[in-house]
Amino acid sequence: MSEEEQFVECCTHGKQQATYVCQHIVQSLRDGKPRGFWSAEPEPGDERPDSWCSACEDKVNSTGGEWNDESEEFAGVTLLCGACYDRAKNMNRNN
């Protein structure tokens, strides 16, 4: 990923790290309903790994335990800025 692709311009937080989460986590930011928070392992330089909700985790587990076309379609991966990601993580991880 190029340096420019690693950032997104958020209308609330300005220039932030680009992060990816499932559509259900984005929905939780809209409606305030926690949905759980699962993530890939953080890597050096990426403390905000791709993340998904408990429903997506259940979907992955019900389709063989690996991400596939069906579970990825269910997840509807969406771009979030780093500050929105942090807010979503804090709100959802206690579910």
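This one's a predicted model, so the numbers in the text were calculated from it and none came from an experiment. (Residues numbered from 1 in each chain as written. Predicted model: local features only at pLDDT ≥ 70, side-chain atom pairs only at ≥ 80, totals over all residues. Heavy atoms only, no water.)

Some words on the pairing of strand S2 (residues 14–21)
- Two elements, strand S1 (residues 7–10) and S2, share four bridges in a ladder whose sense is antiparallel. Bridge pairing links Glu9 to Lys15 in S2.
- Hairpin geometry of S1 and S2 is characterised by an intervening segment of three residues between the two adjacent antiparallel strands.
- Relative to strand S5 (residues 78–81), S2 is paired through four bridges, and the arrangement is antiparallel. Among the inter-strand pairings, Val21 is bridged to a residue of S5, identified as Thr78. (Pairing = 2+ DSSP bridges. Helix = DSSP H or I, 4+ residues; strand = E, 2+ residues; numbered from the N terminus.)

Quick look at the nonpolar core
- Val21, Cys22, Ile25, Cys56, Leu80 and Cys84 are the most contacted members of the largest nonpolar core, which totals 18 residues.
- Elements represented by at least two residues in this core include exactly S1, S2, helix H1 (23–31), S5 and helix H4 (82–92).
- Residues within four places of Cys22 in sequence aside, it is in contact with Ser51, Trp52, Cys53, Cys56, Ala75, Gly76 and Val77. (Core = buried A, V, L, I, M, F, W, Y, C linked by side-chain atoms within 4.5 Å. Buried < 20%, exposed > 50% of the residue type's maximum accessible area, 1.4 Å probe, protein only. Contact = heavy atoms within 4.5 Å.)

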